[in-house]
Amino acid sequence: MPKTNAIGLTKADYKGAPSTLCQGCGHNSILSQIIAALFEMSVRPEDVVKFSGIGCSSKAPTYMLSRSFGFNGLHGRMPPLATGALVADITVKGIGMSGDGDTASIGMGHFKHVLRRNLPLVYIVANNGVYGLTKGQFAPTAEKGLTLKHHGQNPYMPIDVCLEALAGGATFVARSFAGDPKQLKALIKAAFHHNGLAVIDVVSPCVTFNNDPSARFSYGWARDHEAPLHTLDFIPPEEEIWLDRPLEPGERRPIRLHDGSVIVLEQVREDYDPTDRFAAMRAIEESYKREVLLTGLLYIETPDTAPVVRENLFEILNLPEDKPLNRMQEPELRPPRDALEEINREMFVA
Amino acid sequence: MTLQTAPRAGVHPSVPEVVNDFSITVGTINGTGSQTSNLTLLRALFRMGIPVSGKNIFPSNIQGLPTWYTIRVNKDGFVARRETHEIVVAMNPATVHEDMEKVVPGGVFLYADHLRPQGLREDVIAYTMPVNRLARESGAPPRLRDYVANMVYVGVLAWVLGIDMEALHAALAYHFRGKAKALELNYKVVVDAYQWAEEHLEKRDPYRVAPMEATRGLILADGNTAAALGALFGGVQFVSWYPITPSTDLAETLERYLRRYRVREDGKHTFAVIQAEDELAAINMAIGAGWAGLRAMTATSGPGLSLMTEAIGLAYYAEVPVVVWDVQRVGPSTGLPTRTQQGDILFAHFASHGDTEHILLFPADANEAFEFGWRAFDIAERLQTIVFVMSDLDLGMNHWMARPFAYPDQPMDRGKVLWEEDLERWEQERGVPWGRYLDVDGDGIPYRTVMGNRRPGAAYFTRGTGHDEYARYSEDPEVWHRMVHRIKKKYRLGRKYLPRPVADATGAEVGIIAYGTTNQAIPEARHFLEQRGIATDYMRVRALPFHEEVGDFLARHRVVYVVEANRDGQMAMLLRMAYPRWADRVRSVARTDGLPLTAAFIADGIAGQEG
């Protein structure tokens, strides 16, 4: 008998169509961790909706959660597509799958603006520094000096998705590695419970076009250079714990999310404070100098960590919580006759 | 205060009076508040019961460049733009000589005295106005003097033309509702100017207005407001937009009304309006919302539409209902951002790469802007597709006489949407599993579920890539062929949901086809043609694709002139494509210069080709 979760589903209930991504593609590992995270949290697949743009990353949602609605839209346009859709039913949780080109190149503008709006969405960037479907061009996240088979050396500086997210006012920023499933799964769980936009930039190596061990986005380099900030555990709201005193280096630090769930961080770098946006930006800059892949929860804003918590888009739009917009019908939507009579009277009448 | 407004004597006896039949053009500087004065004149004349129109010819500029406003007064209801200007008011030193040249021989040239025009024309009747002195003496604080200065020409024109002062007061009271001081100050300037004119001017021109009953019960409204109200009563739920002239105030007005009529007692909104980062985002948001079951729309103009084209193809092929208002301006490129054109017809109809043919609606006036405002959602949801409403700057931003807006005469049509229990029933009745793109009714329209439907089996994966009846990814040639032809069938059979053409035909040999705002000039053009012995039938197309009546109209006429405001005769091209058998009957009468077409141009264009 396969194992079932609290709502009686097996892991198979979270699966999608068979993957057509390359064997060993990091994106497959990301999908496995999304599936595992939702299964373990006993989330109904019907309560989830998937969005994506274009690229290998954006094909991935087909290969998970076939019981969830999904929309694979246009290149770079996942954020606005998800924005429009999620407004329709705020009880559905959105997962957006994007890639380095989709987010940091063609869709950079939308990425920055969905951050501003703080749309409740788990925004995963499957980042491998290379264009796969078009066969091996430099992505905007590729490191300067990267050499690719058909394109020589990359002469440009990379865009760091996490830095952009931090500068854009993101309320949840994490970086992970497809080869670090435990950490990735914990981050996905935490992101799922975050009350706003949660960005997870995942180094997700492309085994076909960018996996030379010298390349920053390869399995070899990432494994050898990963520097986790902390180990993470995610504790769902029903298992509430709370602890409120100064932390000693190496101690476990709980961060409570708005719904009562808790992320427990066991500090590896004793001086790292994931509630300090500037510290996060500095740590990322330093990681380039130190030549490491810094992973973990880089930044989070919760009711306990920020004096003023940013409203999410649904709150800004003042949407009803008792009934999704898309279940409203004519009596709720079409103003009555006397409203039009009133409007007509207010026009300049001859 | 009530003043004597009876027409004065003094016109040269050999010149007959011209009553309720002329155009007034005011040349001012953009950003000086002249719009208030111009609207006051327009409303006062309208309140007097006289048919009017007001056309604002303004620059793409915040402040400083020349701007003109033309009011046409016509007792017969012909209120399209004309080439001639009988009365010209000059308030702008930069254009005073140009403005003087505009006046027809025998017309009136009214100018601010500080402009000191050189070489006043002998063949016009010139009146001067001490604009700055009256503004100064009005008691207005210095910062308001430029604004109230524009009220001087209102008062002087009231004296020259005999405009009813009570109507002017009513117009000002409407404009300054709730602002008693502003009303008092502005009306005082109007009265002072009137009295100054009475004391210092001698009426020498033949023009005057006289009260009529032709506008009783009508309202004045701009098309953008009408469109916004239509959307409001269409139950719009989601609006994403990016500012662009001339569509901006459609979205802004809509949001204002939504905040008034669609906020629940608990303060929660039953709508969402998002000013997007660009038009790419605006259309993608609207598509997301339409896909998720909301009545979703965006409003834009040509450059924005250009940016939206990739997403338009997605909405077409993934079959997502969404409404796009295109308030057309002059293109290509940035073009003339503040001038009007019917230039996006071909582009919108075929927008996207690959095979598409979109639904276009053509509102001709404010009432249709309202009606198509709500109807567009019914069509989009019924046919599960993108619907364009092709307004233009002339309709959107100018004031039009209209009947009071009529409440929708049909309940909202949400189309074939399956919620949990509907899906259950659907599958029981048909005995097959539901598939998103299955054509079970034979009308090409499948059934759809929307995000948030929690019934197992309701979810499906939407994509712009090839897909089969069950929304599964497919590159199978047969599947692609089948799917795009099923969509084509949906459009062919779905025409019955679109507004039918309106015809006025009495068996003439010569036909006229027009659409949208060009309709405004057609009755007068037909009148001119009749005077020249050319009887015409008229059909106004209100939607694409064409209804069969359009083909019948071509079949029944020796020749059909297609009148439109663009360079190449875009609708004429579509007619020749749709009806190759009658292609040689289709003649184009087309022009684009940024201004609405005139009846004289249309009549000359047709008479010229008739030989």
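Residues numbered from 1 in each chain as written. Chains lettered and ligands numbered in written order. Predicted model: local features only at pLDDT ≥ 70, side-chain atom pairs only at ≥ 80, totals over all residues.

**Student:** Which parts of the structure should I look at to understand the overall build of chain A?
**Tutor:** For chain A, the helix and strand inventory stands at twelve helices and 16 strands. Radius of gyration (C-alpha) of chain A: 21 Å, near the 20 Å computed for a compact globule of 350 residues. Here the C-alpha coordinates of chain A stretch approximately 75 × 55 × 50 Å along the principal axes. Expressed as a percentage of its 350 residues, the buried residues of chain A come to 52%. If you take every contact in chain A between residues at least 6 apart in sequence, the share linking residues at least 24 apart comes to 70%. (Helix = DSSP H or I, 4+ residues; strand = E, 2+ residues; numbered from the N terminus. Rg over C-alpha atoms; globule rule 2.2 N^0.38 Å. Buried ≥ 20, exposed ≤ 12 C-beta atoms within 10 Å, placed from the backbone. Contact = placed C-beta atoms within 7 Å.)

**Student:** Quick question: what am I supposed to make of the overall build of chain B here?
**Tutor:** Scanning chain B for helices and strands turns up 19 helices and 23 strands. In terms of overall dimensions, chain B is globule-like: its C-alpha atoms have a radius of gyration of 27 Å, near the 25 Å expected for 611 residues. If you line up chain B on its principal axes, its C-alpha atoms span 90 × 65 × 40 Å. Split into buried and exposed, the 611 residues of chain B put 55% on the buried side. Pairs at least 24 apart in sequence give 75% of the contacts found in chain B among residues at least 6 apart.

**Student:** What is the right way to read the sheet that holds strand β12 (residues 230-235) of chain A from this model?
**Tutor:** Residue and element names in this part refer to chain A. Taking strand neighbours across the sheet as the criterion, the three strands line up as β12-β14-β13 in an open arrangement whose pairing is antiparallel. Looking along the sheet, the strands with just one partner apiece sit at the ends: β12 and β13 (252-256). Across the sheet, the mean angle from the axis of one strand to that of its neighbour is 20°, orientation sign disregarded. As defined by bridge partners, β13 adjoins strand β14 (residues 262-267) across five bridges and the pair is classed as antiparallel. Bridge assignment links R256 to a residue of β14, and that residue is V262. Its contacts with the sheet place helix α7 (residues 181-193) against β12 and β14, and it is angled at close to 45° to β12. (Pairing = 2+ DSSP bridges. Axes fitted to C-alpha atoms, helices over the stretch in contact; angles between N-to-C directions.)

**Student:** Even after reading the chapter, I still don't get the domain arrangement of chain B, so can you show me in this structure?
**Tutor:** As a measure of interface size, the accessible area lost when the parts come together is often cited. Residue and element names in this part refer to chain B. The domains assigned to chain B are domain 1 (18-216), domain 2 (221-402), domain 3 (420-497) and domain 4 (502-610). If you average the C-alpha positions of domain 2 and of domain 3, the two centres end up 26 Å apart. Listed by partner, the interface residues are twelve residues for domain 2 and 13 residues for domain 3. Those elements that provide at least two residues to the side of domain 2 that touches domain 3 are α10 (302-318) and α12 (366-383). Of the residues belonging to the side of domain 2 that touches domain 3, the class tally is seven nonpolar, two polar and three charged. (Domains from an automatic or database assignment. Nonpolar A, V, L, I, M, F, W, Y, C, P; charged D, E, K, R; others polar.)

**Student:** Is there a simple way to explain the packing of helix α1 (residues 26-40) of chain A against α7(A) in this structure?
**Tutor:** For any two helices packed against each other, one specifies the inter-axial angle together with the distance between the axes. All names here are of chain A. Close contact between α1 and α7 brings their axes to 9 Å; oriented N to C, the two are set at 55°. With respect to their mutual orientation, α1 and α7 come out oblique. Handedness of the α1/α7 crossing: right-handed. Contacts between α1 and α7 involve S29, I30, Q33, I34, A36 and A37 from the first element and P181, L184, K185, I188, K189 and F192 from the second. Class assignment for the residues of the contact of α1 with α7 results in eight nonpolar, two polar and two charged. (Parallel < 35°, antiparallel > 145°, perpendicular 65-115°, else oblique. Left-handed = near helix turned anticlockwise from the far one by under 90°.)

**Student:** How should I be thinking about the sheet that holds strand β1 (residues 48-52) of chain A in this particular structure?
**Tutor:** What holds strands together in a sheet is hydrogen bonding between their backbones, with the strands either parallel or antiparallel. Strand order across the open sheet formed by nine strands is β11(A)-β15(A)-β9(A)-β10(A)-β4(A)-β3(A)-β1(A)-β2(A)-β17(B), with mixed pairing between neighbours. Two strands in the sheet have a free side with no partner beyond their single neighbour: β11 (226-228) of chain A together with β17 (461-463) of chain B. Neighbouring strand axes in the sheet, compared pairwise and without regard to direction, differ in orientation by 20° on average. Pairing between strand β2 (residues 69-72) of chain A and β17(B): three bridges, direction parallel. Of the residues in β17(B), the one forming a bridge with N72(A) is R463(B). In the packing of helix α3 (residues 78-88) of chain A onto the sheet, contacts are made with β1, β2, β3 (93-99) and β4 (121-127) of chain A, and the angle to β3(A) comes to roughly 170°.

**Student:** What is the right way to look at the interface of chain A and chain B in this model?
**Tutor:** On the chain B side, the residues contacting the 47 residues of chain A number 63 residues. The set of elements that each furnish at least two residues to the side of chain A that touches chain B consists of β2, α3, α5 (108-117), α11 (330-333), α12 (337-346) and β16 (348-349) of chain A. It is α3(A) that provides the largest number of residues to the side of chain A that touches chain B, a total of eight residues. Split into classes, the residues belonging to the side of chain A that touches chain B amount to 26 nonpolar, 13 polar and eight charged. Relative to strand β9 (residues 219-222) of chain B, β16(A) runs antiparallel, the two sharing two bridges. Of the residues in β9(B), the one forming a bridge with V349(A) is I219(B).

**Student:** Which parts of the structure should I look at to understand the environment of K93(A)?
**Tutor:** Residues and elements named next belong to chain A. Turning to its location among the elements, K93 is positioned in strand β3. With 18 C-beta atoms counted inside 10 Å, the residue K93 sits in the partly exposed group. Sequence-wise, K93 and K50 are 43 residues apart; in three dimensions their C-alpha atoms are separated by 8.6 Å. Look past the residues within four positions of K93 in its chain and what remains in contact with it is D47, V48 and F192.

**Student:** Looking at this structure, I do not really get the confidence of the model for chain B. What am I missing?
**Tutor:** Low pLDDT means the predicted coordinates in that region are not meant to be read closely. For chain B, per-residue confidence averages 96 on the pLDDT scale, and 98% of positions sit at 70 or higher. Overall fold confidence for the complex sits at a pTM of 0.97, while the interface term, ipTM, reaches 0.96. (pLDDT = per-residue confidence, 0-100.)

**Student:** I'm lost on helix α8 (residues 248-261) of chain B in this one. Help?
**Tutor:** Since there are 3.6 residues in each turn of an α-helix, residues three or four apart along the chain are aligned in direction. The end-to-end C-alpha distance of α8(B), which contains 14 residues, comes to 20 Å, matching closely the 20 Å that a straight helix rising 1.5 Å per residue would cover. The complete set of buried residues in α8(B) reads D249(B), L250(B), A251(B), T253(B), L254(B), Y257(B) and L258(B). (Expected span 1.5 Å × (residues − 1).)

**Student:** Please clarify how the pairing of strand β19 (residues 510-515) of chain B should be interpreted in this entry.
**Tutor:** Each regular strand shows side chains that alternate between the opposite faces of the sheet. Residue and element names in this part refer to chain B. Within β19, six of the six residues are buried, which leaves it mostly tucked inside the rest of the structure. Side chains of β19 alternate between two faces, with V510, I512 and A514 and G511, I513 and Y515 buried alike. Summarising the sheet, β19 and strand β20 (residues 536-541) pair through six bridges and their orientation is parallel. Bridge pairing in β20 links I513 to M539. Chirality of the crossover, the property in question, places the unit of β19, helix α16 (residues 522-531) and β20 among those that are right-handed. Pairing geometry for β19 and strand β22 (residues 559-564), over four bridges, is parallel. The residue bridging I513 from the neighbouring strand is V562, located in β22. (Right-handed = clockwise from strand over helix to strand, strands pointing away.)

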